[in-house]
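Here is what each chain is made of, one letter per residue.
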Amino acid sequence: MKPGLLKSDTYFTWLTGLAMFLILAILAIIVGNIVKYGYHTITFEFLTSAPIEGMTAGGIFPAIFGTVVLVILMVIAVIPVGVMTAIYLQEYANPNSLFTKSIRFAVNNLAGVPSIVFGLFGLGFFIQFVGRNMDRAMGADLLWGQPSLIWAALTLALLNLPVVVVSAEEALRVVPREHREASLALGGTKRQTIWRVILPQALPGILTGAILSISRGAGEVAPIMFTGAAYYLPYLPTSPTDQFMELGYHIYVMSTQSPDVEATKPILYATVLVLLILTLLLNFIAILIRYRMRVKMRQVA
Amino acid sequence: MAAPESQILKENKSTPEIMIRPKQILSQTPAKLLDKNGPKIEVQGLNFYYGSRQALKNISVSVPRHQVTAFIGPSGCGKSTFLRCLNRMNELIPDTRVEGEFLIDGMDIYSRNVDVTALRRKVGMVFQKSNPFPKTIFENVAYGLRISGMRGTSEIEAVVEESLKKAALWEEVKDQLHDSALKLSGGQQQRVCIARALAVEPEVLLMDEPASALDPISTAKIEELLFELKKNYTIVIVTHNMQQAARVADLTGFFYLGELVEFDDSKTIFTNPSDKRTEDYVTGRFG
Amino acid sequence: MTEQSVNISATKAGIEREVFSLSKKFRFKEFLIEKFILLNSVAAIIGVILIFLFIFKESLPLFTDREVQSEASVGKFIQQKEWQPVSDHPRYAFLPLLVGTLKAVSVASFFAIPLAILAALFTTEFAPRRLREFLKPGTEILAGIPSVVMGFFALMVMATFLQNIFGYTMRLNAFNAGIALGLAIIPTIYSVSEDALNAVPHQLREASLALGASKWQTAYRVVLSVAMPGILAAVILGVARAFGETMIVLMASGNAALVSGNLFDSVRTFSATIAAELAEVVFGSPHYHTLFFIGSVLFLITLLFNVLAHTAVTRLQRKLAGR
């Protein structure tokens, strides 16, 4: 073995390994920094009480509540539509038809649209168009035609549609063909086959997509900036037309527009930590499920 | 079902060998083997295309009821394709075309009025590689019942038990009905699939290489099963294992390159075939 | 026992009846469900169309309304020099925004692309097997850091840190935002590159190694060249994301619409402009329409990027399948 070869391999192993290590290290430093400065402020009270004294004291419960409600509404909107789109693409569609290709094209492009454009869309379509027209139709003053939970949730749902569709499609694709055939050979209809055989097996993958969409929904700020999020509200949102406080938005405003940065720093760091834990935990669970699913598939094959 | 001589000559103009042997014509089953009620399945002039490639050429055959009919031949010669035509499973593959007539009990199964799902309950299929659902044994066998609308638990339980008995599996699994079917051995899984197919009370049972993935003992069990089952069902199997066909089948047909070269009772096919190609195959000159 | 057998025959008769008839029942339920599923899958297409329509609709007055055009028009975007929409003499030049966007995206790209590709190479070609199992999922999990958190970090910590190292005047600038932006797009480029490299059949690697090539030679000469379209797609997707990313630049770039060649000056990008100004803008004003116009441009650019990336991936798939 020529010594030259060995050296080049070692050299490049170190070089590429360094790149990998650098990436992971920087990300770890970010997480570490946030944990270090944020964790001592997190108490049970912090998580369950409202902010007081101009955000320099108190808790962030309303933001947590708002985020949770927002995400729940989003999930109700996006999961059924996304899963059905995936089912259509995998089970019913003719792969060569223009219609099928258009759906795929649309899903791919939704995935690439910048989040601020979604925000514009939420404003221009949901609030200005749908909302205002609803108000006009109902003769109400200004109820639906303004930033609110429902419009923010729907905007986020559109943003996350590709995530759900892609995960669901992968989950459906992995179900072995033999099970479909067995069900059909027993006289099952397509619907029965999907409902009784395919979907139950695809559930882990669909769950992965759902969790990933939740994680992204909780973390995105640009789409909700103009469609419903607010910095300080004295009440909790109780109806879909209410505005809401939200973790990500709270972080943004507090970091950039707080009159006294030093005083709000502990709360700010703690809020960031809460959001970080939430999203990383969700991502971890989703990827764990996906990993276990893929391992199981490899075993069966 | 006999066709007049003039029609025979017209149909087979392009295949001179067949003209020479008037025996291998439209209704290829020797009359003596047919039940007095007529054949269960009749196929006439079947042509099958995958896209532009013709996989089955002018197949005509009558399958008698309550017998085991086997189709043998080298791999890729069309036997599985033929089998899948009988329960219209080929329709799942895109870009395929079927020509010809398929009659079961005298009714055309490809006619527009036929409910395909009902057909598939009447013509059951057991696949080459056993494919039980990742559910319990009970749920596997009960699947066909549930999708056809059966509701009562006790009824379902009764049919499940009966089907497992028919598949000679009841004694082995009666205490584990609610365990996953995937925990069983290969041979047992295949019998679960057979029980599953039997549960919906088919009249015809199609089996595609039913024991090719199994060990000799399981294979023997399944072959024993066929002897029992044929009393109540018409069985069509496809196999590349000639010894198996010789053991279990009453009638055997030899497929080669998409044609049904010869079809006769098994004894004749294996000991005294009429066509040289058949003879070459069964004596092992090619495989 | 007899009662049971009666039940069985009754049910059997039921099934038989249904089967023997062999008539095609119009399964209404089936039909409805299939159509319902179909309807829902149109949502994606409708979504894209609606986005396109409504964003363009709100920017139309820039092209049709004279009055609006007297203040803001495409011509002015190109010709003017300053971006000052909120003032006595509103000016709408795209130049500062373009320069700002390009600066931030360039820093991000130069930082992220080599790192991500090298890391992907490490994961697929050089890393020991057990490590590989953790690296990709691990990076994917970290990809879950929301951009607002990344922006926060860049604003609070990284800006000071970098300023201490490099000693420049403006604490929040293109460089700071660019690095943070790069960190945000690394997981995307890494993930897609890793998929592309993984898709190269191991037989090719084996053939190369069997001929005496080193791992690096195999990676460089065989794997990389085959996977190149996929890696190109990864880069395009990453850059597209950097282009449209809002929160990080909003928080970490200083938000000053300056034109300069200095990477360490504050900048304003297109996306940040929309975010920063939409809150205060008067509904229906030329400023309002301009912001929507910027949004349309962003939408079109990312659409273009996506089509490019998709073409690259299809080419990769074709290549792997055999020319």
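Residues numbered from 1 in each chain as written. Chains lettered and ligands numbered in written order. Predicted model: local features only at pLDDT ≥ 70, side-chain atom pairs only at ≥ 80, totals over all residues. Heavy atoms only, no water.

## Remarks on the overall build of chain C
Part 1 of the argument: A count of helices and strands for chain C gives 15 helices and 2 strands.
Part 2 of the argument: Summarising its shape, the C-alpha atoms of chain C cover approximately 95 × 65 × 40 Å along the three principal directions.
Part 3 of the argument: Nonlocal contacts in chain C, meaning residues at least 24 apart in sequence, comprise 69% of its contacts between residues at least 6 apart.
Part 4 of the argument: Accessible area for chain C stands at about 15000 Å²; split by element, carbon and sulfur atoms hold 65% of it.
Part 5 of the argument: Taking the average place of the 27 positive charges on the side chains of chain C and the average place of its 21 negative ones, the gap between the two points comes to 9 Å. (Helix = DSSP H or I, 4+ residues; strand = E, 2+ residues; numbered from the N terminus. Contact = heavy atoms within 4.5 Å. Areas by Shrake-Rupley, 256 points an atom, 1.4 Å probe, with all protein chains shown as cover. Lys, Arg positive; Asp, Glu negative; His and termini not counted. Charge placed at Lys NZ, Arg CZ, Asp CG, Glu CD.)

## Observations regarding the domain arrangement of chain C
Residue and element names in this part refer to chain C.
Part 1 of the argument: For chain C, the domain assignment lists domain 1 (3-59) and domain 2 (72-321).
Part 2 of the argument: Taking only C-alpha atoms into account, the centre of domain 1 sits 43 Å from that of domain 2.
Part 3 of the argument: In this complex, domain 1 contributes 8 residues to the contact, which on the side of domain 2 involves 8 residues.
Part 4 of the argument: Together domain 1 and domain 2 conceal approximately 700 Å² of surface at their shared face, both sides included; 77% is due to carbon and sulfur atoms. (Domains from an automatic or database assignment. Buried area = accessible area lost by both parts, 1.4 Å probe.)

## Some points on the interface of chain A and chain C
By a frequent convention, interface size equals the accessible area lost on bringing the separate parts together.
Part 1 of the argument: The interface of chain A with chain C comprises 78 residues on the first partner and 77 residues on the second.
Part 2 of the argument: Across the interface of chain A and chain C, roughly 6900 Å² is buried in total on both sides, 80% from carbon and sulfur atoms.
Part 3 of the argument: Remark: the boundary between chain A and chain C carries 2 salt bridges.
Part 4 of the argument: Between A:R191 and C:E30 there is a salt bridge, and its shortest N-O distance comes to 3.0 Å.
Part 5 of the argument: Connecting chain A to chain C are 5 residue pairs in polar contact (both at pLDDT 80 or more).
Part 6 of the argument: Considering each element in turn, the side of chain A that touches chain C owes the most residues, 19 residues, to helix α1 (residues 3-38) of chain A.
Part 7 of the argument: Residues of the side of chain A that touches chain C, tallied by class, amount to 52 nonpolar, 20 polar and 6 charged. (Salt bridge = Lys/Arg side-chain N within 4 Å of Asp/Glu carboxyl O. Polar contact = N/O pair within 3.5 Å; in protein donor to acceptor, adjacent residues only side chain to side chain. Nonpolar A, V, L, I, M, F, W, Y, C, P; charged D, E, K, R; others polar.)

## Let's talk about a nonpolar patch on the surface
Residues and elements named next belong to chain A.
Part 1 of the argument: Taken together, the side chains of I277, L281, F284, I285 and L288 present a nonpolar region at the surface, about 430 Å² in accessible area.
Part 2 of the argument: Mapped onto the secondary structure, L288 falls in helix α11 (residues 261-300).
Part 3 of the argument: With a relative accessible area of 36%, L288 lands in the partly exposed category. (Patch = residues over 30% accessible without salt bridge, like charges linked within 9 Å, V, L, I, M, F, W, Y side chains within 5 Å. Buried < 20%, exposed > 50% of the residue type's maximum accessible area, 1.4 Å probe, protein only.)

## What about the interface of chain A and chain B?
Part 1 of the argument: Every contact between the two is made by 17 residues of chain A and, on the other side, 21 residues of chain B.
Part 2 of the argument: Between chain A and chain B, the buried area comes to about 1700 Å², and carbon and sulfur atoms account for 62% of it.
Part 3 of the argument: Looking only at chain A, the three residues that lose the most surface to chain B are A:A185, A:L186 and A:R196, adding up to 38% of its buried area.
Part 4 of the argument: Summed over the shared surface of chain A and chain B, the result is 1 salt bridge.
Part 5 of the argument: Across the salt bridge formed by A:E181 and B:R84, the nearest N and O atoms sit 3.0 Å from each other.

## Structural notes on the side chain of A:E169
Part 1 of the argument: Here A:E169 shows up in helix α6 (residues 149-174).
Part 2 of the argument: Residues within four places of A:E169 in sequence aside, it is in contact with A:A86, A:L89, A:Q90 and A:R104.

## With respect to the packing of aromatic side chains
Part 1 of the argument: Counted according to the given criterion, the structure contains 43 aromatic pairs over all chains.
Part 2 of the argument: A centroid spacing of 5.1 Å and a plane angle of 80 degrees characterise the contact between B:F48 and B:Y50, whose relative ring orientation is edge-to-face.
Part 3 of the argument: Feature note: the residues A:F121, A:F125, A:F126, A:F129, A:W144, A:W151 and C:F54 constitute an aromatic cluster, connected by ring pairs.
Part 4 of the argument: Above the face of the C:F283 ring, A:R132 is positioned so that its terminal group lies 5.2 Å from the ring centre. (Phe/Tyr/Trp six-rings, centres within 6.5 Å; stacked < 30°, edge-to-face > 60°. Lys NZ or Arg CZ within 6 Å of the ring centre and 35° of its normal.)

## Brief notes about the nonpolar core
Part 1 of the argument: A:M225, A:Y252, C:I51, C:V148, C:F152 and C:I189 are the most contacted members of the largest nonpolar core, which has 185 residues in total.
Part 2 of the argument: No other element matches helix α7 (residues 95-126) of chain C, which puts 16 residues into this core.
Part 3 of the argument: Counting the residues that make up this core, at least three belong to each of domain 1 (3-59) and domain 2 (72-321) of chain C.
Part 4 of the argument: Once residues lying within four places of it in the same chain are set aside, the contact partners of A:M225 are A:Y249, A:Y252, C:M247, C:L250 and C:A275. (Core = buried A, V, L, I, M, F, W, Y, C linked by side-chain atoms within 4.5 Å.)

## Brief notes about the sheet that holds strand β2 (residues 53-63) of chain B
All names here are of chain B.
Part 1 of the argument: Taking strand neighbours across the sheet as the criterion, the 4 strands line up as β2-β1-β4-β5 in an open arrangement whose pairing is antiparallel. Two strands lie at the open edges of the sheet, namely β2 and β5 (107-108), each paired on one side alone.
Part 2 of the argument: For strand β4 (residues 96-104) and β5, the ladder comprises 2 bridges, and the chain directions are antiparallel. Across the sheet, residue I104 finds its bridge partner in β5, namely M107. (Pairing = 2+ DSSP bridges.)

## Focus on the side chain of A:D242
Residue and element names in this part refer to chain A.
Part 1 of the argument: Its place among the elements puts D242 in the loop between α9 (222-225) and α10 (247-257).
Part 2 of the argument: Among buried charged residues, D242 stands out as having no salt bridge; its nearest opposite-charge side chain is R132, 17 Å away.
Part 3 of the argument: Once residues within four sequence positions are removed from consideration, D242 is found in contact with S148, L149, Y235, L236 and P237.

## Side note on helix α5 (residues 137-147) of chain B
Since there are 3.6 residues in each turn of an α-helix, residues three or four apart along the chain are aligned in direction.
Part 1 of the argument: The buried fraction of α5(B) amounts to 9 of the 11 residues, a majority that puts the element mostly inside the structure.
Part 2 of the argument: Residues of α5(B) that are buried: B:I137, B:F138, B:N140, B:V141, B:A142, B:Y143, B:G144, B:L145 and B:I147.

## Let's talk about the environment of C:K57
Part 1 of the argument: Here C:K57 is to be found in helix α3 (residues 43-59).
Part 2 of the argument: Considering only alpha carbons, one finds C:K57 and C:F292, 235 residues apart in sequence, at a separation of 8.6 Å.

## Quick word on the pairing of strand β9 (residues 251-256) of chain B
Residue and element names in this part refer to chain B.
Part 1 of the argument: With 5 of its 6 residues buried, β9 lies for the most part within the structure.
Part 2 of the argument: Sheet topology note: the strand β3 (residues 68-72)/β9 ladder contains 4 bridges and is parallel. Within β9, the residue paired with F71 across the bridge is G253.
Part 3 of the argument: In this structure, the hairpin formed by β9 and strand β10 (residues 259-265) is closed by a connection of 2 residues, where L257 is found at a positive phi of approximately 50 degrees.

## Topic: the packing of helix α4 (residues 98-112) of chain A against α6(A)
A pair of packed helices can be characterised by two numbers: the angle between their axes and the separation between those axes.
Residue and element names in this part refer to chain A.
Part 1 of the argument: In the contact formed by α4 and α6, the axes pass within 8 Å of each other and the chain directions differ by 125 degrees. By the angle between their directions, the pair α4 and α6 is classed as oblique. Relative to α6, the crossing made by α4 is left-handed. On α6, the residues that touch R104, V107, L110 and A111 of α4 are L158, L161, P162, V165 and E169.
Part 2 of the argument: Residues of the contact of α4 with α6, tallied by class, amount to 7 nonpolar, no polar and 2 charged. (Axes fitted to C-alpha atoms, helices over the stretch in contact; angles between N-to-C directions. Parallel < 35°, antiparallel > 145°, perpendicular 65-115°, else oblique. Left-handed = near helix turned anticlockwise from the far one by under 90°.)

## Remarks on unusual backbone geometry
Note: most residues except glycine have negative phi, and most peptide bonds are trans.
Part 1 of the argument: Despite not being glycine, B:L257 shows a phi value in the positive range, around 50 degrees.
Part 2 of the argument: Relative to the helices and strands, B:L257 resides in the loop between β9 and β10.
Part 3 of the argument: Residue classification places B:L257 among the exposed positions, given a relative accessible area of 54%.
Part 4 of the argument: The phi dihedral of C:N255 is positive, around 55 degrees, even though this residue is not glycine.
Part 5 of the argument: Mapped onto the fold, C:N255 is located in the loop between α13 (247-252) and α14 (270-278).
Part 6 of the argument: With relative accessibility at 24%, the residue C:N255 sits in the partly exposed group.

## Structural notes on the sheet that holds β3(B)
Residues and elements named next belong to chain B.
Part 1 of the argument: Spatially, 6 strands are ordered β6-β7-β8-β3-β9-β10 in an open sheet, and the strand pairing comes out mixed. In this open sheet, the two edge strands, each paired with only one partner strand, are β6 (123-126) and β10. Here the average twist between neighbouring strands, direction ignored, is 20 degrees.
Part 2 of the argument: Most of the contacts of helix α9 (residues 216-229) go to strand β8 (residues 234-238), to which it runs at about 150 degrees, and overall it touches β3, β7 (204-208) and β8.

## Section: helix α8 (residues 190-219) of chain A
Residues and elements named next belong to chain A.
Part 1 of the argument: The terminal C-alpha atoms of α8, which comprises 30 residues, lie only 38 Å apart, well short of the 44 Å expected from a rise of 1.5 Å per residue.
Part 2 of the argument: Along α8, the helix axis deviates most sharply at L199, where the bend reaches about 55 degrees; the proline P200 sits within four residues downstream.
Part 3 of the argument: Within α8, 21 of the 30 residues are buried, which leaves it mostly tucked inside the rest of the structure. (Expected span 1.5 Å × (residues − 1). Bend = angle between axes of the 7 residues up to and from the residue.)

## Focus: the environment of A:N133
Part 1 of the argument: Tracing the backbone through its elements, the reader meets A:N133 in helix α5 (residues 115-138).
Part 2 of the argument: Each C-alpha atom of the pair A:N133 and A:L15 lies 60 Å from the other, and the pair is 118 residues apart in sequence.

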